[in-house]
Amino acid sequence: MDDKIRAAYDEMNPTAEQEERMLARLMATQAGAENAGESEKAVAAAQAGAQGVSAADVLAGAAAEKPQAGAASRKRRNVRAWQVALPLAACFALVAVLVGVTLTGPLEEVSTAPASSSSPSSAKSETSETQAPQALYIQDSATEEGYAPGNGYAPDEPEPGPEPGAPFNTEEYAAVDENGFVNTRTQPLSTVSADVDTASYCNVRRMINSGYRLEDIPDGAVRAEEMVNYFTYDYAEPKGKDLFSMQAQASTCPWNDDTQLLVMGFATRSEATATDKGSNLVFLIDVSGSMGSADKLDLLKQSFKKLVDNLGENDRVSIVTYSGQEEVVLEGARGDDRQGILKAINGLRASGSTNGEAGLRMAYDIAEANYIEGGVNRIVMASDGDLNVGMTSTSDLYDFVEGKRDTGVYLSVLGFGSGNYKDTKMEVLADHGNGSYHYIDCVDEAERVFSDRLTANLVPFADDVKVQVEFNPSQVKAYRLVGYENRKLNAEDFTDDSVDAGDVGPNSQFTLIYEVVLADSAYEAPEVRDLKYSTDAYSGNASADWLTCDLRYRAFSDNAVHEQELVVDKKNSTARPSDDWKFASAVVEFAMLASDSKYQGTASLDDVLDRLDGMDLSEEREGFKELVEKV
């Protein structure tokens, strides 16, 4: 048994710093055993019975194997961790046989501490009766959140680790200040940037499939617009010279009988095609140690293999990796060189810290060096977002990608993994890098992103897509924008073409949803005091319009700014809404339950399922229903 453990240990080839940490944890485990008191004596008695000796002899023999605390403190830097691991592992294995405990590895921590949910950024989970599944924390490098230079720990002492038995989940999500109802008399304009991101839905799906209950899901992980926009809808084709179709339908809100739920859909032409000048694609791949798991780098490799099948001879492919150092693995390869691209992808290995800044800088350098005028120039970054060297704050990342927008290089972001996932950083990179943000939780999702929606996710079609809705106070006394909390713009930003907004690809669509309080509704609108110098400009407005929706964008084809308009009134409201409306409302209702929305009213999972039961569901919509049934 000793030889096998020694061989396994040598295969690990740990650094001196990693040995320090293992020694510290082994000593801590041993110290815990010393404090076991009567439990240890009971185990010793069991051993004594099996060996035919006294319990005192067994305890004395075990104590003889334990180094004195003072000597261990002075000498532990000169001791190979395996030398401590071997006797401890053998002892643990013997105890396991005697008391019926199964150990899964010599270094695995065993705890009888009560389970507690550690869903990050979520106060809801503190009272959970059942613990949401926790990811095993693996610290893969001395420079990764350990005793890196500048964090206060000397190189010759182990960093403080988690309390024994404590779950270790360091996922990060930005706090969401949910949109509330707005009085139309004082704020008739609602302005937002288009959003085609889908990451939130896939991430929430991953959590639920891993055993999370709704109350375990961090509020910040739930973004209603991304959950709605994950699905496709039967929106009309654009007419004439318009690049987008615009449609609207309203009906009684399922969770509030006193309001109307208005669903507005926007879609590009289904036959819209990519530029024939080719694509300059730079894949920026995180190969740090934190990516070394099946749901990260392994899944990432499978994902990129899906993309290769869709590339042609006019496309150019580069691969930049980053960990403790950045490296150009492939530069300017022809898109139809499938074997060469796959060879580079298959050779990727995970190790080291995560220097995202260096990787980003190199990726932009490579993209600019291979720039295709009039073509597609895009970086596709794949990571768990756990950047811990270089730029590590969201504000630094924001400033960096904002400064790169003028290069004409777009940045899309693909998220992978769990346990240490940093949604905050990934979203900032995509939102301000002129790109989309997707989370890949399975091979099927990789197929969806890279194959079925390749052009929609990688090829620009319209830049700076903005929507501005002007509500008529004589017909609508209040409204609430559902989702889009981090996509809202100032009213004056709508016509300011220097203000960045969302980018939409060909064969794309996005949905905007408002909860509307009509003038004759019994629902109380937010009160506002009368302003001394204002006049109600709409007091004499006899228009029956509920609102006017304006869409503004810069077309990739002619680099010109276009505007479109849609007027909505009571004719858009119906007692028998379409299946698209019913499905979108079901997704929103589920999102409100998952985020514990203050506006959820009578919302319930049963209500969501009842609405879905009355529809003919596509495969992706059936997947949503199955997800709801799991919680």
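Residues numbered from 1 in each chain as written. Predicted model: local features only at pLDDT ≥ 70, side-chain atom pairs only at ≥ 80, totals over all residues. Heavy atoms only, no water.

Peer 1: Got a minute to help me understand the side chain of N256 in this structure?
Peer 2: With respect to the secondary-structure elements, N256 resides in strand β4 (residues 256-268). Non-local contacts of N256, meaning those with residues more than four positions away in its chain, are made with E515 and Y523. (Helix = DSSP H or I, 4+ residues; strand = E, 2+ residues; numbered from the N terminus. Contact = heavy atoms within 4.5 Å.)

Peer 1: Is there a simple way to think about the confidence of the model for the chain in this case?
Peer 2: Any residue range with low pLDDT should be treated as having predicted coordinates unsuitable for detailed reading. Per-residue confidence for the chain averages 78 on the pLDDT scale, and 69% of its residues sit at or above 70. Segment residues 32-56: pLDDT under 50, and 24 contacts once partners within four positions in sequence are set aside and those in other chains are kept. (pLDDT = per-residue confidence, 0-100.)

Peer 1: Which parts of the structure should I look at to understand the sheet that holds strand β8 (residues 376-383)?
Peer 2: Either a parallel or an antiparallel arrangement is found when strands of a sheet pair, and the pairing is made through backbone hydrogen bonds. Reading across the sheet, the six strands line up as β7-β6-β5-β8-β9-β10 and stay open at both edges, with mixed pairing between neighbours. Only two strands of the sheet have a single neighbouring strand rather than two, namely β7 (326-334) and β10 (437-439). Pairwise comparison of adjacent strand axes, ignoring direction, gives a mean angle of 15° for this sheet. Where strand β5 (residues 279-286) lies against strand β6 (residues 316-322), seven bridges are found, and the strand directions are parallel. (Pairing = 2+ DSSP bridges. Axes fitted to C-alpha atoms, helices over the stretch in contact; angles between N-to-C directions.)

Peer 1: So what exactly am I meant to see when it comes to the packing of aromatic side chains here?
Peer 2: Any pair of aromatic rings gets described here by the distance separating the centres and the angle formed by the planes. On inspection of all chains with the given rule, the structure shows 22 aromatic pairs. Judged by centre distance (5.0 Å) and plane angle (70°), the rings of Y201 and F231 are edge-to-face. Taken together, the positions of Y201 in helix α7 (residues 199-209) and F231 in the loop between α8 (224-229) and β3 (244-253) put the pair 30 residues apart, joining distant regions of the chain. Neither residue differs from the other here; Y201 and F231 are each classed as buried. With centroids separated by 5.3 Å and ring planes inclined at 75°, the aromatic side chains of F471 and Y514 adopt a geometry described as edge-to-face. Of this pair, F471 sits in strand β11 (residues 462-471) while Y514 sits in strand β15 (residues 509-518), and the two are 43 residues apart along the sequence. No difference in accessibility class separates F471 from Y514, as the two residues are buried. (Phe/Tyr/Trp six-rings, centres within 6.5 Å; stacked < 30°, edge-to-face > 60°. Buried < 20%, exposed > 50% of the residue type's maximum accessible area, 1.4 Å probe, protein only.)

Peer 1: Help me understand the nonpolar core, please; the structure alone is not making it clear to me.
Peer 2: A general trend in soluble globular proteins is that nonpolar side chains are found buried together. Of all hydrophobic cores here, the largest spans 71 residues; its most connected members are I217, L360, I379, L411, F583, L612 and F624. Looking at this core, the element that brings in the most residues is helix α16 (residues 579-594), giving 11 residues. For I379, the residues in contact, after removing those within four places along its chain, are V282, L284, A363, Y364, A367, V409, Y410, L411 and S412. Ranked by size, the runner-up nonpolar core spans 36 residues in total, among them V192, A250, L512 and W546. (Core = buried A, V, L, I, M, F, W, Y, C linked by side-chain atoms within 4.5 Å.)

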